Every structure is written in structure tokens, then in C-alpha cells.
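Each chain is listed here by its residues.
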Amino acid sequence: MSGFEDIVEITRKHVFGTWRVQKTWKPVNIVSAEGCYFTDSSGKKYLDLSSQLICVNLGHSNMNVINAIYEYMKKLQYLTPAFACDVRAELSRMLLEIMPKNIIKFFYSTSGTEAVEAALKIARMYTRKHKIISRYRSYHGSTAASISITGELRRIPVEGYHTVPGTQFAPECYCYRCPFKLSYPECGITCAEYIDYMLQHEGDVAAVIVEPVVGSNGVIVPPHEYLPRLREITRDHNVLLIVDEVMSGWLRTGEWFAVHHWKIEPDIMVTAKGVTSGYLPLGVTGVSREISEYFEENLFAHGHTYEAHPVTLAAGIATINEYKRLNIRDNVLKVGEYLGKRLKELEAHPSVGEVRGLGMFWAIDLTRDKKTKKFMNTPKDKLAGRPIVVEKVAAKASELGVFIIGWVNNLLVAPPLIATREDIDRGVEVLDEALKLADQEASSKTS
Ligand SMILES: Cc1ncc(COP(=O)(O)O)c(C=O)c1O
């Protein structure tokens, strides 16, 4: 292979950089990774403060997962989904133990997008209804049906051309900048009641879909009554509740799944990412007993060649075993609390509006003005290709040896779940420095 410069140049020229204008992409060449760190071709080490795309929950180079993949690859490389095999039974048995009790049957795919796509198709086949209620601050995937129910800006460039009609968007429970300009708890969770109102007036609704803790769009943790009330509302209207735990699942929030914090049972549960700690592509769509029984007599009209791919399932089993063996939940609870405390210190920056999250899932939400809570950047800035302050902060952090994802107005702090207090201290120290760039923007607009 050619030299390192060629690697970057060929990648840049011949591989799409996603969700960006191509000419702005300058990929760094990464050559190795271990634990919470990865290294580039110049030998520079980076602390991974976003677990890549909030998926490498066990950290890099976990040998037990790697060996399980290798061993299974030697045993069986591929099987048509029509066959049974040990990993198809074993991962399903494990999911029955850790998912909400009413979720009893699974469709295995290869991404969060496909898992959402399957959930929507299943909901529509089961209910024979078409509409989906989703929320504005949401990301659910990039294919036709999943992007159609994505409330945030990534839907806009394909709206009408590559979207499926029938989505209604609802406001979300974003208390820091409440869409209704109300304050919790006096608001009486109007954001949930609004969905009740929508369901009173909409017909043909198959399902409501939510990320129980919103991910890319700012780690929005709902008030404690929100999800139980939403469960009640959807039941009252005989509408399915789909929870998208692609990002919030797998101990990220301190529970196997975020819904466990509020003890609700959805009708369909979607997950991916942390199921294999990102080591192999695997998506999961889990459905309730009622939905499962429906398909005993009706055609399950869905499937892929790589569905339930045995090696990906072996990776899932090994990952769950590692979560248990390493007592990851305890680490998330202990180190996550410390992470939240340290990140809250950053609220002293003029540009930091709010730091919020739970477990090892946090966002730093920027503002130009703490009084008015004016956004540092809006989705329209991103769509227009204007400079985005969180991207500048992330670039500065990268220069200082910390990798962090910035999306529109938020920095996403979600380190591998094995992170230590020392890793957190290092990350916060660099963010403290990098945020000075954002402070300049805040003061320049307010002075
Ligand atoms: C909540 C949520 N749903 C769905 C997806 C799509 O998953 P994937 O990128 O694996 O297709 C994502 C990706 O970030 C996500 O965060």
C-alpha cells in the first residue's frame, strides 16, 4: 500500500465523507486503538470521548470479543436465515433476560437504520395503519422510511424526494429550551399531553416512536413522568409505542436500556451500536408477544441476506458477556456520576448553556447568550454550510488529543464505558481549554 499521505488522499477522493460537504473533509489516518485511546499515523494518541459514534462501549481491542468473533468465523461463516444455529438461539435467550419482559421475538439486521426500518414495517403490517408520530429532535436512520421519521436536519435535503409520506412530528421534552416556553413541573408535561391531543385528532396512526433519551440531538433526558405518561397515552389510543435505543441502550445510561429507568414496556424496541460494542454491524428489532403472535398466521414480509449473520451474533453474545464480567454497570454508575460532576463545572464558560445527561451519556449545549439561551448554531447554519462552533471546538480538542463529536449545537460526551476518573479528568481539562473558542463567539455576539 502507498504512503500515509496517499491513504488520506485516496480515502478523501474515493470514499464519501458522510453528512458533510465533501471539500470540508480532512480525515485523519488512524492506525491502532486500545481501551479508551486510538493512535494516528504520526504516533499521536487521542482519548476517545465519544466512543467513535457512541458505539465502542467496551473500548477498543477487547480480546474476548475479538477471539469470540475469530472462533465463530472458523466454525461457521454464513448461513441462510432459514436455518437455526447456536448463536441465533443464544443471543435471543440473552436478550429475553435483559430487554423489557414483553419483548419476546427478534429480527436481526446490520445497522440501527435497518432495525428502525424493520420496526416501521412491522408496525405498519401489524396495525394495517400508516402514520407515524415522531419528534423534531430525533435521528432514526438514513433510509427512506427511517429518514422520513427523523425530525432533525438530516431529513431536509431529501424531503419529498426520498421520504415516505405519513409522518407527523411532535415537540420534544427539551426543558432547557421548552418548545412551549413553559417550565417543569408547572408545565404538566405539556409535551406528552400534546401527543395525546395529536392522537385525538389524527387517524390512521400506527405508532409513536421516541428515543427514550434523545442522542445526537442533545442527550435530552425526559422528566420522570414523561415516558410512563406516553405509554399510557399510546395504550389509550391503541397505538404502538416504538422505542429507539440504538444509542441509549447497552448500559450507556447506567441501565441495560434507558426505558428501564422508567420501567415502561414498549411494543417494539430497536437497538444496534453497543450490542457488539461496534465491533461488527448488528441491529436488533424486538417485538411484543402480541405482535409476534400476529405473524404466526400472517406473512412476515421482511428479510435480508445478512440478516441474523452468525458471526455478528457471536460478537453480540461475547459483548454481553463482557458487559457482565467487567461489571460495566457499576463503572457507569460510579464514573458516570463523576463525569457529570466534572462536566457541570464547564457551565462556568459563557458559551455553555447547559450540561445534561445521565450515566456516561452527556451533552454540552452551547449558547451565545445565557439569558436568552440563543443557539450558538442552528440546523439552518449546518444546512447552509456555515461554520459550526461545536465543530471548531471539536477540532481544537482533537489538536489537544481528545476526540469528541459535535453536532449542530451540542458536544456529545460519551466515552467507552470502561473509562476511569483519570480519563475523565483528561477529557474535561481539554474541553475546558477548547471551549474558550466558543466563549469568544459568545462574548463577541453579546458585547
Ligand atoms: C437513535 C438512533 N437511531 C438510529 C440510528 C441509525 O443507526 P445506524 O447509523 O447504525 O444506521 C442512530 C445512529 O446514530 C441513532 O442514534
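Residues numbered from 1 in each chain as written. Predicted model: local features only at pLDDT ≥ 70, side-chain atom pairs only at ≥ 80, totals over all residues. Heavy atoms only, no water.

**Some remarks on the confidence of the model for the protein**
When the pLDDT values of the protein are averaged, the result is 97; 99% of them are 70 or greater. Within the protein, the element-level pLDDT minimum falls on helix α1 (residues 4-14), averaging 90, and the maximum on strand β8 (residues 240-244), averaging 99. (pLDDT = per-residue confidence, 0-100. Helix = DSSP H or I, 4+ residues; strand = E, 2+ residues; numbered from the N terminus.)

**Observations regarding the packing of aromatic side chains**
All chains considered together, the criterion is met by 16 aromatic pairs. Their ring planes at 70 degrees and their centres at 5.0 Å tell us that W250 and F257 sit as a pair that is edge-to-face. Through successive ring pairs, a cluster of aromatic residues spans F107, Y126, Y294, F295 and F300. The aromatic ring of W407 is capped on one face by R154, whose charged end is 4.4 Å from the ring centroid. (Phe/Tyr/Trp six-rings, centres within 6.5 Å; stacked < 30°, edge-to-face > 60°. Lys NZ or Arg CZ within 6 Å of the ring centre and 35° of its normal.)

**Section: the sheet that holds strand β10 (residues 283-288)**
Strand order across the open sheet formed by seven strands is β4-β10-β9-β8-β7-β5-β6, with mixed pairing between neighbours. Here the strands that pair on one side only, and so sit at the sheet edges, are β4 (103-109) and β6 (167-170). Averaged over all pairs of adjacent strands, the angle between their axes in this sheet comes to 20 degrees, without regard to strand direction. Judged from the four bridges that link them, strand β9 (residues 268-271) and β10 form a sheet pairing that is antiparallel. Note that in β10 the partner of I268 across the bridge is V287. (Pairing = 2+ DSSP bridges. Axes fitted to C-alpha atoms, helices over the stretch in contact; angles between N-to-C directions.)

**What to know about the nonpolar core**
Among the nonpolar cores identified, the biggest contains 105 residues, and L95, L343 and I364 are the most heavily contacted of them. When residues are assigned to domains, this core turns out to be shared by domain 1 (4-58 + 327-446) and domain 2 (64-325), each giving three or more. Non-local contacts of I364, meaning those with residues more than four positions away in its chain, are made with L343, L346, V352, E354, V355, N409, N410, L411, V413 and L431. (Core = buried A, V, L, I, M, F, W, Y, C linked by side-chain atoms within 4.5 Å. Buried < 20%, exposed > 50% of the residue type's maximum accessible area, 1.4 Å probe, protein only. Domains from an automatic or database assignment. Contact = heavy atoms within 4.5 Å.)

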